[in-house]
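Listed here are the chains, written in short residue letters.
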Amino acid sequence: MAAPKKSVAPAGQATSNGATPSSPPDFTRDQEMHALRDMLLIRRFEEKAGQLYGMGAIGGFCHLYIGQEAIVVGMQMALKDGDQVITGYRDHGHMLACGMDANGVMAELTGRKGGYSKGKGGSMHMFSREKNFYGGHGIVGAQVSLGTGLAFANRYRGNDLVSLAYFGDGASNQGQVYESFNMAELWKLPVIYIIENNRYAMGTSVTRSSAQTDFSKRGVSFNIPGEQVDGMDVRAVKAAGDRAVAWCRAGKGPFILEMQTYRYRGHSMSDPAKYRTREEVDKVRHDQDPIEQVRNRLLAAGVTEQDLKAIDAEVRDIVNASADFAQQDPEPDASELYTDVYR
Ligand SMILES: Cc1ncc(C[n+]2csc(CCOP(=O)(O)OP(=O)(O)O)c2C)c(N)n1
Ligand SMILES: [Mg+2]
């Protein structure tokens, strides 16, 4: 199968398949403003979740998405209504990008009645049929098979919808990923596999755990095309998303996008952070931050600080309201212990 092999790498970095890095097409001002607002919403939401966790208002697991915001926001801009999203446990950003309500997500984190899973699922287990978000999965790699299943259902029903299965560099080494790849290509399923390569799986760096660190090539033996994408540049993500979506909607089968990104915070809330240096984190934050990139472009294009502050204020209001709601909303009734469970 002839694949449209066009690789894009972060500025100044050669792609591992030798393609020349190119700059992505510009966004319109509306697209820049939209991307900025949605990425800021995720960033501020995650910062607040981190604070609430520190205060003891959130229990259990909590994996923050800070640093990776451009991926879900850019990909969402390439989708149409009805396309489905599924991911792992680092999932709050995906939910917000899908349009799920910040109150419902935050209240789920605090284990309250108004949470998306009635306060019984927590950070890793939230869903919204309405917004086509299928979780939220704690088993590393499980969402890859489930996302392939979503694509199978679309194919079976004869619609033109596409499903997005997000997973990490660590998850990419799971066996079920390759069983899914095989079936997806064999049956030409409309699924985009988005590998969020944030360089670490818990405390293990990609170079210590992966024989093939160019994740865009992970589908080669199944004939699935792939691209490496600068996952810190929302424009590059959207452009790659457009190409992958077009491929899938045309009935050509699955597509792999390796998003080169970075997580600023620890793996989860307790992370000794001994596996990388402070300088490494600071360098990415300083040189590549996805939100700063958009802010700087907007300012250079004549948007005022005042306009940007208005977006900031709107986002802060949403996040603060969600934190208030999540702390005031009652816990689920004791009778809920026996609903929605297998026994
Ligand atoms: C099947 C399975 N094995 C191991 C774990 C423990 N575990 C949770 S997250 C994780 C690392 C995954 O890293 P990656 O896929 O790179 O995603 P990231 O956390 O970087 O987003 C591991 C090993 C698990 N939850 N499920
Ligand atoms: Mg990772």
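In this report, we go over the structure that sits alongside the text. (Residues numbered from 1 in each chain as written. Chains lettered and ligands numbered in written order. Predicted model: local features only at pLDDT ≥ 70, side-chain atom pairs only at ≥ 80, totals over all residues. Heavy atoms only, no water.)

Right, let's talk about the side chain of Q260 for a bit. Among the structural elements, Q260 can be located in strand β7 (residues 255-260). Q260 sits in the buried class, given a relative accessible area of 16%. Here the side chain of Q260 touches E258 through a polar contact of 3.3 Å, side chain to side chain. (Helix = DSSP H or I, 4+ residues; strand = E, 2+ residues; numbered from the N terminus. Buried < 20%, exposed > 50% of the residue type's maximum accessible area, 1.4 Å probe, protein only. Polar contact = N/O pair within 3.5 Å; in protein donor to acceptor, adjacent residues only side chain to side chain.)

With that out of the way, let us pick up the state of the cysteines. Here a disulfide denotes one covalent bond, and it connects the sulfur atoms of two cysteines. Here the structure, examined in full by the defined rule, presents zero disulfides. Counting only cysteine sulfurs, C98 is the nearest neighbor of C62, a cysteine outside any disulfide, at a range of 18 Å. Here C248 stays unpaired: no disulfide links it, and the sulfur of C98, its closest cysteine neighbor, is 16 Å away. For C248, a relative accessible area of 3% puts it in the buried group. (Disulfide = S-S within 2.5 Å.)

Moving on, we get to the environment of K118. Here K118 is to be found in the loop between α4 (102-109) and α5 (142-157). You can call K118 partly exposed: its relative accessible area is 35%. When near neighbours in sequence (up to four residues on either side) are disregarded, K118 contacts E108, R112, K113, P332, E336 and D340. Here D340 takes part through its side chain, which lies 3.4 Å from a polar atom of the side chain of K118. (Contact = heavy atoms within 4.5 Å.)

Okay, the coordination of the magnesium ion (ligand 2) next. Looking at the metal site, the magnesium ion (ligand 2) is ligated by D169 (OD), N198 (OD1) and Y200 (O), spaced 2.1 to 2.3 Å from it. Linear spacing of the donor residues for the magnesium ion (ligand 2) on their chain is D-x28-N-x1-Y. Assigned by exposure class, N198 and Y200 land together as buried. (Donors = N, O, S within 2.8 Å, 3.2 Å for Na, K, Ca; no water.)

Let's shift gears to the pattern of salt bridges. Counted according to the given criterion, the structure contains 24 salt bridges. A salt bridge links K80 to D160; the nearest nitrogen and oxygen atoms lie 2.8 Å apart. Of this pair, K80 sits in the loop between α2 (69-76) and β1 (84-86) while D160 sits in the loop between α5 and β2 (163-168), placing them 80 residues apart in sequence. Between K238 and D242 there is a salt bridge; the shortest N-O distance is 2.8 Å. Of this pair, K238 and D242 both sit in helix α8 (residues 234-249), four residues apart, which is roughly one turn of that helix. The buried category is assigned to K238, whose relative accessible area is 14%. Overall, the relative accessible area of 32% leaves D242 in the partly exposed class. Through salt bridges that share partners, K118, K120, E336 and D340 make up one connected network. (Salt bridge = Lys/Arg side-chain N within 4 Å of Asp/Glu carboxyl O.)

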